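Structural description and commentary
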Amino acid sequence: MIKLNFDTKIDTRRKEEFLNEIEDDEMGGWLRLPEKISAVELEDIKRAALKIRSNSEFLVCIGIGGSYLGHRAIIEALRPQNGKKIIYAGNSLSKRELDYALEQVGDSDFSINVISKSGTTLEPAIAFKAFKEKLMQKYGEEEAYKRIYATTDASRGTLHDEAVTNGYKMFVVPDNIGGRYSVLTAVGLLPMAVAGINIDQLLEGAREAMGATVEPAFQYATMRYELDGRHYDTEIFASFEPSTMYFNEWLKQLFGESEGKNGRGILPDSVIYSTDLHSLGQYIQDGRRNLFETIIDYPTDEMNAKVVKAVQIAHAEGGIPVLTIGILSFDELGFGELVYFFEMACAFSAKMIGVNPFDQPGVEAYKNELKKLM
Ligand code: PA5
């Protein structure tokens, strides 16, 4: 269950209006996804995960941005012990990183999950080529193709076409769900199932959040909007659990890509405490007063809980508005709920400042420029 430590008056009529707009939006498919995802698709994902777990030491997950951050966030946070190790690739253009990922796999048995909605993004395309070659060398073409799982558009794109030609097992990124809202689709579910995450529980958490978190999400969005209006234009997401570092990264992508448009949007940044109290903590306590802090208060031990309290008091006294979002369970249910809560809050927030929560023209601009240079 999500618990906010703040209360703000909300405009219920506006909340309903936004909800209807999101529901009608051609990219609003994530809104009902937790209850709409079909049992057949889930079975298909679980079957593929079982197969990978039975014939591979590693699953190489190739993807970037929304095609990568969400599942990494949950896998790294929960550290499941009963699955296979995931090697991440294709999330930068660094040859050093790619070589390192290839080395990590070494001579072990492996499969590839290449994830790209557009099927044309350069970073994953380059990593896919390298790993596909390794797969072919190790297993020969026929077996190699059986070890490639492509998660992409249902009907178009280079990856889609290649998957059809070579007969890779395919999973679909629904047309009406964008990258950063796709963690609860096959994009995230397949790697998570391979890694040992209980995806039924994750979806259950999100389902429970569907009704329960709309109100708190709107409250949080309203609070952000008001703070932005008072020139608090930078939000620091703070967590006291080091394993949630990638959840912070997912949050930055979600809010940054959804809100940062037309000269608007709160700049998202993140810290892990107490680690960062010994670095960025100085700035947060005492630097420019344009920051507010959103603490994600995961259930924790007694000592760490004292640090949470100390930070809440010290930062508030230092002139920082501190919002705390509490979550009651550090498990699949809790993360399913958190994912849905933040997606909801982010969509509301973008709507409040009048930008489209679901496009990313700036990202496309970079992709186009890079394509020209290459
Ligand atoms: O959220 C988004 O839409 C982006 O971050 C994309 O996920 C990212 O650019 C990768 O795109 P694609 O899945 O088409 O390779």
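Structural data are supplied above this passage.
Residues numbered from 1 in each chain as written. Predicted model: local features only at pLDDT ≥ 70, side-chain atom pairs only at ≥ 80, totals over all residues. Heavy atoms only, no water.

Per the stated rule, a full pass over the model turns up 28 salt bridges. The shortest N-O distance in the salt bridge between arginine 13 and glutamate 17 comes to 3.7 Å. Here the residue arginine 13 and the residue glutamate 17 both occupy positions in helix α1 (residues 12-24), the gap between them amounting to four residues, near one helical turn. By relative accessible area, which is 37% here, glutamate 17 ends up partly exposed. The salt bridge partner of lysine 169 is aspartate 44, with a shortest N-O separation of 2.9 Å. Linking lysine 169 in strand β6 (residues 169-172) with aspartate 44 in helix α3 (residues 39-55), this pair joins segments that are 125 residues apart in sequence. For lysine 169, a relative accessible area of 31% translates into the label partly exposed. When salt bridges that share partners are traced, they join Lys15, Glu16 and Glu215 into one network. (Salt bridge = Lys/Arg side-chain N within 4 Å of Asp/Glu carboxyl O. Helix = DSSP H or I, 4+ residues; strand = E, 2+ residues; numbered from the N terminus. Buried < 20%, exposed > 50% of the residue type's maximum accessible area, 1.4 Å probe, protein only.)

It is worth spelling out the site of the ligand at this point. Inspection of the region around the ligand gives 15 residues, with Ser67, Ser116, Lys117, Ser118 and Thr121 positioned closest. Separating an oxygen atom of the ligand from a side-chain N or O atom of serine 116 is a distance of 2.6 Å. In the environment of the ligand, an oxygen atom lies 2.6 Å from a nitrogen or oxygen atom belonging to the side chain of serine 118. For the ligand, the protein covers 93% of the area, taking 380 Å² as the surface of the free molecule. Elements with a minimum of two residues in the shell around the ligand: α11 (245-259) and α15 (361-373). (Near = heavy atom within 4 Å. Polar contact = N/O pair within 3.5 Å; in protein donor to acceptor, adjacent residues only side chain to side chain. Areas by Shrake-Rupley, 256 points an atom, 1.4 Å probe, with all protein chains shown as cover.)

Remember, this is a structural readout, not a statement about activity or role.
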